[in-house]
Amino acid sequence: MRQLKSEPPLVMGLEDVDNTDVSRVGGKNASLGEMIQRLGSEGIPVPPGFALTADAYREFITANDLQPSIQQRLDELAAGRITLAEAGHSIRDALLHAPLPETLVTALASAYDQLCARLRQTNAAVAVRSSATAEDLPEASFAGQQASFLNIRGIDDLLTACRQCYASLFTDRAISYREAQGFDHLQVALSVGIQEMVDASEGAAGVMFTLDPESGFPDAVVINAAWGLGEAVVQGRVIADRYMIYKPLLAQPRLTPIFDKTLGSQKERLAYQRGTEGGVAWVDTTPAQHGRFVLSDSDTLQLARWARRIEQHYGCAMDIEWARDGISGDLYIVQARPETVASQKSRQLLSRYRLKDRGKLLLEGSSVGSAIASGPVRIIRNPEEQADFPEGSILVAEHTDPDWVPLMRRAAAVITDTGGPTSHAAIVCRELKIPAAVGAVGATESLPEGEAVTLSCAEGATAKIYAGNLPFEQTAIDLSRLPQPRTQVNINIAIPDSALQWWQLPVGGIGLARIEFIVSSLIGVHPLALLQPEHTDEETRLAIAELARGHPDPARYFIDRLALGVAKLAASQYPKPVIVRFSDFKTNEYSKLLGGGPFESPESNPMLGLRGAARYYSERYRKGFGLECQAIKRVREQLGFDNVIVMIPFCRTPTEADRVLEVMAENGLERGKNGLEVYVMCEIPANVVLADRFSERFDGFSIGSNDLTQLVLGVDRDSAELAYLFDARNEAVTRMISQVIEVAHRYGRKVGICGQAPSDHPDFAAFLVQAGIDSISLNPDSVVSTLGAIAAAEQALAKTA
């Protein structure tokens with residue numbers, strides 16, 4: 001855009017500014033210009049526009065002699081003579097009623113005319129956004145502190161929007177935030193960005209981060225997407241779709257490394273008000289929109305690749321806004337700023353919360369943060385009710401916007417009916433370092449006013465709200481001080497949602513992940529009920545149809561959900577190995593799944609019945625196992641997580657092993673092909689006695705100490721009366737373990753063990769080290785304490801060598 005002749009300039013085209021111009025056009029506008037100049041040639045599209053400079057704001061303040069009155073109100077606030085609300089209202093009122101200087105009006109009108117001509121439109125729709133000179137810095141985001149206005153048309157409405165942006169520099173929340181961050185109010189100036197509006201009314205928009213904002217996991221792009229304009233995501237009035245993409249694999253175009261894909265709940269969307277006046281309004285989503293994902297895989301990957309490139313350019317984790325035009329389907333980047341919370345945490349410090357007790361589960365939502373908080377419920381319908389809000393209460397609201405920030409500062413935690421991880425509530429709670437549950441549907445109606453609840457965000461992506469003040473503990477671990485034993489230490493992960501919490505742990509991978517846990521937590525349906533729905537009742541078929549909403553068919557629902565669950569596990573440790581055990585439900589457990597009854601027959605002893613390997617080649621379940629195989633094939637070959645090793649549980653004979661491997665090959669999983677390794681659980685005495693023959697068929701063993709102890713000693717693992725006999729340290733069991741390690745190593749096979757015994761009994765850990773175990777897999781919360789025991793055992797062994 002041609003520069004207007006003004007010293008200093010009142011208007012600058014976005015293509016004429018970059019990140020060196022923060023003092024002139026603010027962080028937001030400087031970043032837009034930086035991307036246009038440096039990344040536009042690489043195919044990252046940013047809508048054109050211009051900025052009213054900080055000098056234009058200063059000229060406005062000077063022309064109206066506003067600085068003395070603003071300083072007076074701030075001094076009165078600091079002295080306690082007036083309230084924050086009174087100071088903010090007085091300053092904003094003065095700004096809103098002060099006339100814009102003629103030079104500023106002329107410059108703005110000329111720039112807007114040039115933009116309209118460039119877009120070949122009359123009164124082109126623009127987005128008008130505040131851009132403060134102290135915002136969007138790596139250490140302070142100022143997110144949502146100043147105003148933005150969408151679908152502004154015509155010079156008169158544009159002038160009004162710009163004046164409102166100036167006034168928004170002194171909202172109560174902005175004053176409070178600058179005080180907390182230590183910024184001088186009068187040293188912060190405001191630029192206004194005027195940018196071509198992407199009409200996402202019939203399209204979509206959202207926010208993405210170049211790391212997981214909850215766990216800080218650095219190798220993910222997290223995208224939130226909603227139908228309509230992106231403000232819907234920020235306001236939290238909808239529960240947006242969520243997508244997670246593994247960054248390191250984005251460079252391989254043949255792969256689709258999407259490892260999480262969660263359908264939101266969007267009954268309304270924000271859209272243009274049609275006509276010449278502009279503005280926006282809430283409208284209902286269509287049934288078709290409500291039932292399907294906002295983004296295709298190709299759009300998801302395109303956005304993720306842009307996000308990765310933007311992060312590379314800026315050299316830090318980024319918080320990026322995007323939009324998709326409803327007519328052309330074209331994608332655009334409309335904002336980018338440094339992420340200022342998760343990326344600032346030390347990677348060497350692991351902070352964890354743990355509940356010591358459980359209460360009645362009242363409600364669930366999406367976790368923000370990983371902390372735990374408790375306090376009395378305070379349901380607020382309007383932020384103006386803050387006067388009687390008790391410090392340390394649990395704030396419960398339908399959703400929040402920037403006007404709620406002063407109230408949120410006094411809360412121990414926040415719970416909202418709607419919203420997602422990129423909603424206003426989530427963003428502010430991260431900055432305030434308090435936990436939140438967003439998208440906890442019905443919270444304002446069901447949680448008991450005034451009664452104590454405990455919010456736990458320490459259990460993965462799902463936040464849980466319990467009745468009562470529950471005891472909990474917090475630990476902080478300096479990972480740089482942990483010993484590094486020669487024996488590989490892995491972790492056991494039960495459900496995928498918790499995997500990213502532990503990415504910092506110095507481990508060698510995941511030693512055990514159970515598919516049955518993924519089925520029960522993410523799928524919930526018997527696989528044969530999906531393949532043969534005619535054998536289920538109408539109520540079950542309707543429930544399955546609702547679960548499979550957004551998927552091509554019920555079988556694909558199983559494959560897609562299982563693949564995503566396994567992929568999240570694999571992504572958390574890639575490229576380190578992740579051992580995934582095929583399902584080992586017993587018949588009584590399978591029958592409890594939705595639709596499971598017609599496909600399972602009662603057994604007198606399910607522990608020794610149709611389970612593990614025998615089920616996979618059985619005609620009763622063979623097709624169900626095929627779905628598991630297809631999911632693993634997709635994870636390894638389409639998503640790209642070739643670090644997944646599969647494992648067969650409860651394999652009684654070498655002949656059974658052959659039959660299972662044959663069924664796997666029929667479903668595209670062939671041992672050795674594309675680097676696929678297949679392990680076997682060593683949990684039956686036959687696995688030890690015939691270790692040589694099992695070694696010929698498998699690439700490794702994982703000792704299941706519970707089942708092995710049970711079957712060697714003939715002791716029911718669940719018997720309270722015989723608990724004193726159930727001990728993996730019994731000589732009969734340890735001889736078995738030593739034997740299988742010796743034989744497996746003779747055949748070049750690795751042997752690991754998964755279970756609590758090494759962490760519960762240091763002498764057992766010492767035995768395993770002495771026996772030459774290759775790896776020990778532990779529950780994540782046991783790793784720190786057990787590393788020391790393993791290292792001590794290695795040192796003792798070295799002294800005796």
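Residues numbered from 1 in each chain as written. Predicted model: local features only at pLDDT ≥ 70, side-chain atom pairs only at ≥ 80, totals over all residues. Heavy atoms only, no water.

Novice: It is not clear to me how the sheet that holds strand S9 (residues 258–262) should be interpreted in this structure. Could you clarify?
Specialist: In sheet architecture, strand pairing relies on hydrogen bonds along the backbone and comes in two forms, parallel and antiparallel. If you trace the six strands from one edge of the open sheet to the other, you get S9-S8-S7-S6-S12-S13, paired in antiparallel fashion. Of all strands in the sheet, those with a lone pairing partner are S9 and strand S13 (331–338), marking the two edges. Recorded for the sheet is a direction-independent mean angle of 15° between the axes of neighbouring strands. Sheet topology places strand S6 (residues 204–209) next to strand S12 (residues 318–324); six bridges connect them, and they run antiparallel. For Val207, the partnering residue across the bridge sits in S12 and is Glu321. (Pairing = 2+ DSSP bridges. Helix = DSSP H or I, 4+ residues; strand = E, 2+ residues; numbered from the N terminus. Axes fitted to C-alpha atoms, helices over the stretch in contact; angles between N-to-C directions.)

Novice: Would you mind showing me how to read the environment of Asp716 here?
Specialist: Tracing the sequence through the fold places Asp716 in the loop between helix H24 (705–713) and helix H25 (731–746). By relative accessible area, Asp716 is classed as partly exposed at 40%. Asp716 sits 109 residues away from Met607 along the chain, and the two C-alpha atoms are 9.8 Å apart. One polar contact links the side chain of Asp716 to the main-chain amide nitrogen of Asp718, over a distance of 2.9 Å. (Buried < 20%, exposed > 50% of the residue type's maximum accessible area, 1.4 Å probe, protein only. Polar contact = N/O pair within 3.5 Å; in protein donor to acceptor, adjacent residues only side chain to side chain.)

Novice: I'm lost on a nonpolar patch on the surface in this one. Help?
Specialist: On the surface, Leu722, Tyr724 and Leu725 cluster together into a nonpolar patch covering about 310 Å² of accessible area. With respect to the element layout, Tyr724 can be found in the loop between H24 and H25. (Patch = residues over 30% accessible without salt bridge, like charges linked within 9 Å, V, L, I, M, F, W, Y side chains within 5 Å. Areas by Shrake-Rupley, 256 points an atom, 1.4 Å probe, with all protein chains shown as cover. Salt bridge = Lys/Arg side-chain N within 4 Å of Asp/Glu carboxyl O.)

Novice: Explain the packing of helix H3 (residues 67–79) against helix H4 (residues 84–97) to me, please; I cannot follow it from the model alone.
Specialist: The geometry of a pair of packed helices is captured by two quantities: the angle between their axes and the separation between those axes. Two elements in contact, H3 and H4, have axes separated by 9 Å at closest approach and are oriented at 175°. By the angle class used here, H3 and H4 are roughly antiparallel. Of the residues in H4, those in contact with Ile70, Arg73, Leu74 and Leu77 of H3 are Leu84, Ala87, Ser90 and Ile91. Of the residues that constitute the contact of H3 with H4, the class distribution is six nonpolar, one polar and one charged. (Parallel < 35°, antiparallel > 145°, perpendicular 65-115°, else oblique. Contact = heavy atoms within 4.5 Å. Nonpolar A, V, L, I, M, F, W, Y, C, P; charged D, E, K, R; others polar.)

Novice: I tried to follow the side chain of Gln504 on my own but got confused; where do I start?
Specialist: Mapped onto the elements, Gln504 comes out in the loop between strand S23 (488–493) and strand S24 (510–514). Within the structure, Gln504 has its side chain in polar contact with the backbone oxygen of Arg347 (distance 3.1 Å). With sequence-adjacent residues up to four places away left out, Gln504 is seen in contact with Ser346, Arg347, Gln348, Leu349, Leu350 and Leu479.

Novice: For this particular structure, what's the right way to read the pattern of salt bridges?
Specialist: Close approach of charged atoms allows side chains with opposite charge to pair. Inspection of the entire model under this criterion finds 44 salt bridges. Among the ionic pairs, Glu76 bridges to Arg73, the shortest N-O distance being 3.3 Å. Separated by three residues within a single helix, Glu76 and Arg73 lie in helix H3, roughly one turn from each other. Residue Arg620 pairs with Glu600 through a salt bridge whose shortest N-O separation is 3.7 Å. One end of the pair, Arg620, is in the loop between helix H19 (613–617) and helix H20 (622–638); the other, Glu600, is in the loop between helix H18 (587–590) and H19, with 20 residues separating them in the sequence. Classification of Glu600 by relative accessible area gives buried; the value is 10%.

Novice: Hey, could you run me through the nonpolar core in this one?
Specialist: A general feature of soluble globular proteins is that nonpolar side chains tend to end up buried together. Counting residues in hydrophobic clusters, the biggest one holds 110 residues, and the most contacted among them are Phe259, Phe582, Phe641, Ile648 and Met664. It is helix H17 (residues 554–573) that provides the largest number of residues to this core, a total of 11 residues. Counting 48 residues, the second largest nonpolar core, distinct from the first, contains Leu10, Phe50, Ile152 and Leu190. (Core = buried A, V, L, I, M, F, W, Y, C linked by side-chain atoms within 4.5 Å.)

Novice: Mind showing me how you'd approach the sheet that holds strand S15 (residues 361–368) here?
Specialist: With mixed pairing, the seven strands of this closed barrel are ordered in space as S15-S19-S18-S17-S16-S20-S21. Within this sheet the neighbouring strands show an average axis-to-axis angle of 40°, counted without direction. The sheet contact formed by strand S20 (residues 452–456) and strand S21 (residues 462–467) spans four bridges and is antiparallel. Bridge pairing in S21 links Leu455 to Ile465.

Novice: Is there a simple way to explain H20 in this structure?
Specialist: Between its terminal C-alpha atoms H20 stretches 23 Å, which fits the 24 Å expected from 17 residues at 1.5 Å a residue. Looking one or two residues beyond H20, the residue adopting positive phi is Gly640, at roughly 100°. (Expected span 1.5 Å × (residues − 1).)

Novice: Which parts of the structure should I look at to understand helix H2 (residues 54–63)?
Specialist: Each turn of an α-helix holds 3.6 residues, which means side chains three or four residues apart point in the same direction. Along H2, the residues that are buried comprise Ala54, Ala56, Tyr57, Phe60 and Ile61. Down the axis of H2, the smallest arc covering the buried residues is 160°, so these residues share one side. Those residues of H2 that are exposed and angled more than 90 degrees off the buried face are Thr62 and Ala63. (Arc of directions from axis to C-beta.)

Novice: Can you walk me through the side chain of Asp21 in this structure?
Specialist: Inspection of the secondary structure puts Asp21 in the loop between strand S1 (11–13) and helix H1 (22–38). Judged by relative accessible area, Asp21 falls into the buried class, the value being 10%. The residues contacting Asp21, other than those within four sequence positions of it, are Asp16, Gly26 and Ala30.

Novice: Looking at this model, I keep getting lost on the packing of aromatic side chains. Mind explaining?
Specialist: Two aromatic rings, taken as a pair, are described by how far apart their centres are and by the angle between their planes. Counted according to the given criterion, the structure contains 15 aromatic pairs. Between Phe694 and Phe698 the ring centres are 6.5 Å apart and the planes differ by 20°, which places this aromatic pair in the stacked class. Judged by relative accessible area, which is 0%, Phe694 ranks as buried. On the basis of an interplanar angle of 35° and a centroid distance of 5.8 Å, the ring pair of Phe764 and Phe767 is categorised as tilted. You can see Phe764 and its partner Phe767 sitting in helix H27 (residues 762–771), three residues apart, about one turn around the helix. Owing to a relative accessible area of 1%, Phe764 belongs among the buried residues under this scheme. (Phe/Tyr/Trp six-rings, centres within 6.5 Å; stacked < 30°, edge-to-face > 60°.)

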